[in-house]
Amino acid sequence: MELGMKCFKRALWIYHMNTGSCNGCDIEIIAALTPRYDVERFGIRLVGTPRHADVIALTGPVTSDMVDKVKRVYEQTPDPKVVLVVGSCGISGGVFHESYHLEGPIDKIIPDGTFVYVPGCPPRPEAIIQGVIKAWEILEEVRGNGRTTQKTEGEKD
Amino acid sequence: MRYTFIPELFRQLFSKPFTNLFPLKYAPASIKDTLDKIKKGEIEINPPVEIPDKEIFRGKIQYDREKCIGCGLCIKVCPAKAIELKKEEKKIRIYVGRCIFCGQCVDACPKGALSQGEEFLLADADKLNKEWVIE
Ligand code: SF4
Ligand code: SF4
Ligand code: SF4
């Protein structure tokens, strides 16, 4: 267990879910994974199930069909977790703010979540990377494994 | 004929990688330590990809409070309804969390009080923070 924690704390796995977005932000998330930005060099990767994820990246304003799915995905993700809200429509409704079938924004559906918001419609890939780093900082704080100043760089304690 | 790929292979072996190394080359052992070091100026972050055209780039809205006359035209055209009129003062308030950076308000403003800057790294954990509410 101890060894496992040490191995995995530096790689951040992200589960991405579209809650009714226009797909613009999803494409920018993929753009951050392409060789141009290559976030996999940080150990950041998209995973296929929320059970493996540290961060849930949600795009879109949560349509009424997606409410229970968002809740389920949130509950399936192991603690500690951070919800990365990518795009203005997830933050506040954005252009869809008065649509008839919206239940969102996302923080209304998950009231007790920890959020990092990335504004933009869509945000640039660098802004998404910056948001992931913010989420990482929060996770380090929660897990209490942030500071390594006392340890050596290679972490052989 | 078969070896025509060799020049291309050499070219690619010795050319610079296309990857933009924003913000650092590899993940540090501790993000918080690294952020502290960046604040102190011990580490420099790699800059993001350069903005293609500064003239037409649509970044965060800049608001010149002095020029604004409170006519409300920007509120009329805003597709996301990100702008709010402060009636008593005749000024406006813009919520970046709602704004979609379309630039319609910039085009509509008769006094040129609005413009779009080059700022786009705006992620934050608080959606009503000071940077995101422009007054
Ligand atoms: S923020 Fe804009 S680009 Fe992103 S999903 Fe919403 S509408 Fe699409
Ligand atoms: S840029 Fe577009 S969305 Fe943002 S405040 Fe101006 S009109 Fe509204
Ligand atoms: S259109 Fe220009 S002058 Fe009129 S309220 Fe908006 S910012 Fe102020």
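Residues numbered from 1 in each chain as written. Chains lettered and ligands numbered in written order. Predicted model: local features only at pLDDT ≥ 70, side-chain atom pairs only at ≥ 80, totals over all residues. Heavy atoms only, no water.

### Thoughts on the sheet that holds strand β4 (residues 82-86) of chain A
Strand pairing in a sheet takes place through backbone hydrogen bonds and is either antiparallel or parallel in direction.
Residues and elements named next belong to chain A.
Then, in step 1: Ordered by their spatial adjacency, five strands build an open sheet running β2-β1-β3-β4-β5, and the pairing between neighbours is parallel. Two strands lie at the open edges of the sheet, namely β2 (45-46) and β5 (115-118), each paired on one side alone.
Then, in step 2: Inspection of the sheet shows strand β1 (residues 13-18) paired to β2 by two bridges, in the parallel sense. Pairing of W13 across the sheet is with R45, part of β2.
Then, in step 3: Packed onto the sheet, helix α3 (residues 67-76) meets β1, β3 (55-59) and β4 and runs at close to 170 degrees relative to β1.
Then, in step 4: Here helix α6 (residues 125-143) sits on the sheet in contact with β1, β3, β4 and β5, set at roughly 165 degrees to β5. (Pairing = 2+ DSSP bridges. Helix = DSSP H or I, 4+ residues; strand = E, 2+ residues; numbered from the N terminus. Contact = heavy atoms within 4.5 Å. Axes fitted to C-alpha atoms, helices over the stretch in contact; angles between N-to-C directions.)

### Examining the interface of chain B and chain A
Then, in step 1: Taken together, the contact pairs 41 residues of chain B with 41 residues of chain A.
Then, in step 2: Taking both partners together, chain B and chain A bury about 3700 Å²; carbon and sulfur atoms supply 58% of that area.
Then, in step 3: By the criterion of area lost to chain A, the three top residues of chain B are A29, K32 and K127 of chain B, representing 18% of everything that side buries.
Then, in step 4: The interface formed by chain B and chain A contains two salt bridges.
Then, in step 5: As a salt-bridge pair, K32 of chain B and E141 of chain A come within 3.8 Å of each other at their nearest N and O atoms.
Then, in step 6: Summed over the shared surface of chain B and chain A, the number is 19 residue pairs in polar contact (both at pLDDT 80 or more). (Buried area = accessible area lost by both parts, 1.4 Å probe. Salt bridge = Lys/Arg side-chain N within 4 Å of Asp/Glu carboxyl O. Polar contact = N/O pair within 3.5 Å; in protein donor to acceptor, adjacent residues only side chain to side chain.)

### What to know about the domain arrangement of chain B
Then, in step 1: Per the domain assignment, the segments of chain B are domain 1 (19-49) and domain 2 (61-134).
Then, in step 2: The C-alpha centroid of domain 2 of chain B is placed 31 Å from the C-alpha centroid of domain 1 of chain B. (Domains from an automatic or database assignment.)

### Some words on the packing of aromatic side chains
Then, in step 1: Scanning all chains against the criterion turns up four aromatic pairs over all chains.
Then, in step 2: Seen from their ring centres, Y117 of chain A and W132 of chain B are 6.5 Å apart, and the 65 degrees between their planes marks the pair as edge-to-face. Placement of the pair is Y117 of chain A in strand β5 and W132 of chain B in the loop between β4 (114-116) and β5 (133-134), with the two residues belonging to separate chains. Accessibility classification places Y117 of chain A together with W132 of chain B in one group, the buried group.
Then, in step 3: Arranged with centres 5.8 Å apart and planes meeting at 65 degrees, the rings of F57 of chain B and F120 of chain B form a pair that is edge-to-face. Of this pair, F57 of chain B sits in the loop between α2 (31-40) and β1 (61-63) while F120 of chain B sits in the loop between β4 and β5; the two residues are 63 residues apart in sequence, bridging distant segments of the chain. Both residues of the pair, F57 of chain B and F120 of chain B, belong to the buried class. (Phe/Tyr/Trp six-rings, centres within 6.5 Å; stacked < 30°, edge-to-face > 60°. Buried < 20%, exposed > 50% of the residue type's maximum accessible area, 1.4 Å probe, protein only.)

### As for unusual backbone geometry
Then, in step 1: The peptide bond linking D79 of chain A to P80 of chain A adopts the cis configuration, its omega dihedral lying at -10 degrees.
Then, in step 2: One can find P80 of chain A in the loop between α3 and β4.
Then, in step 3: Even without being a glycine, K90 of chain B presents a positive backbone phi close to 60 degrees.

### Considerations on the site of ligand 1
Residues and elements named next belong to chain A.
Then, in step 1: Near ligand 1, the surroundings consist of S21, C22, G24, C25, G87, S88, C89, V95, F96, G120, C121 and P122.
Then, in step 2: Secondary structure elements with two or more residues in the shell around ligand 1: α2 (24-33) and α4 (88-92).
Then, in step 3: Split by residue class, the shell around ligand 1 holds seven nonpolar, five polar and no charged. (Near = heavy atom within 4 Å. Nonpolar A, V, L, I, M, F, W, Y, C, P; charged D, E, K, R; others polar.)

### Examining the packing of α2 of chain A against α6 of chain A
Describing two packed helices takes the angle between their axes plus the distance from one axis to the other.
Residues and elements named next belong to chain A.
Then, in step 1: Between α2 and α6, whose axes approach to 9 Å, the crossing angle comes to 80 degrees. Here α2 is positioned roughly perpendicular relative to α6, judged by the angle of their axes. Every residue of α6 that contacts α2 at E28, I29, A31 and A32 is listed here: P125, I128 and I129.
Then, in step 2: Within the contact of α2 with α6, the residues separate by chemical class into six nonpolar, no polar and one charged. (Parallel < 35°, antiparallel > 145°, perpendicular 65-115°, else oblique.)

### A few points about the side chain of S92 of chain A
Then, in step 1: In this fold, S92 of chain A is placed in helix α4.
Then, in step 2: In this structure S92 of chain A comes out as buried when scored by relative accessible area, which is 18%.
Then, in step 3: A distance of 2.8 Å separates the side chain of S92 of chain A from the backbone oxygen of G97 of chain B, its partner in a polar contact.
Then, in step 4: Once residues lying within four places of it in the same chain are set aside, the contact partners of S92 of chain A are H97 and P105 of chain A together with G97 and R98 of chain B.

### Regarding the packing of α6 of chain A against α2 of chain B
Then, in step 1: Between α6 of chain A and α2 of chain B, the least distance of the axes is 9 Å, while the angle of their chain directions is 120 degrees. Taken together, the axis directions place α6 of chain A and α2 of chain B in an arrangement best described as oblique. Across from I133, W136, E137, E140 and E141 of chain A in α6 of chain A, the residues of α2 of chain B making contact are I31, K32 and L35 of chain B.
Then, in step 2: Looking at side-chain class alone, the contact of α6 of chain A with α2 of chain B contains four nonpolar, no polar and four charged residues.

### Regarding the sheet that holds strand β2 (residues 83-86) of chain B
All names here are of chain B.
Then, in step 1: Across the sheet, which stays open at both edges, the three strands sit in the order β2-β3-β5 with antiparallel pairing between neighbours. Looking at the sheet topology across the chains shown, the edges are occupied by β2 and β5.
Then, in step 2: Bridge count for strand β3 (residues 91-95) against β5 is two bridges, and the pairing is antiparallel. Opposite I94, over in β5, you have I134 as the bridge partner.

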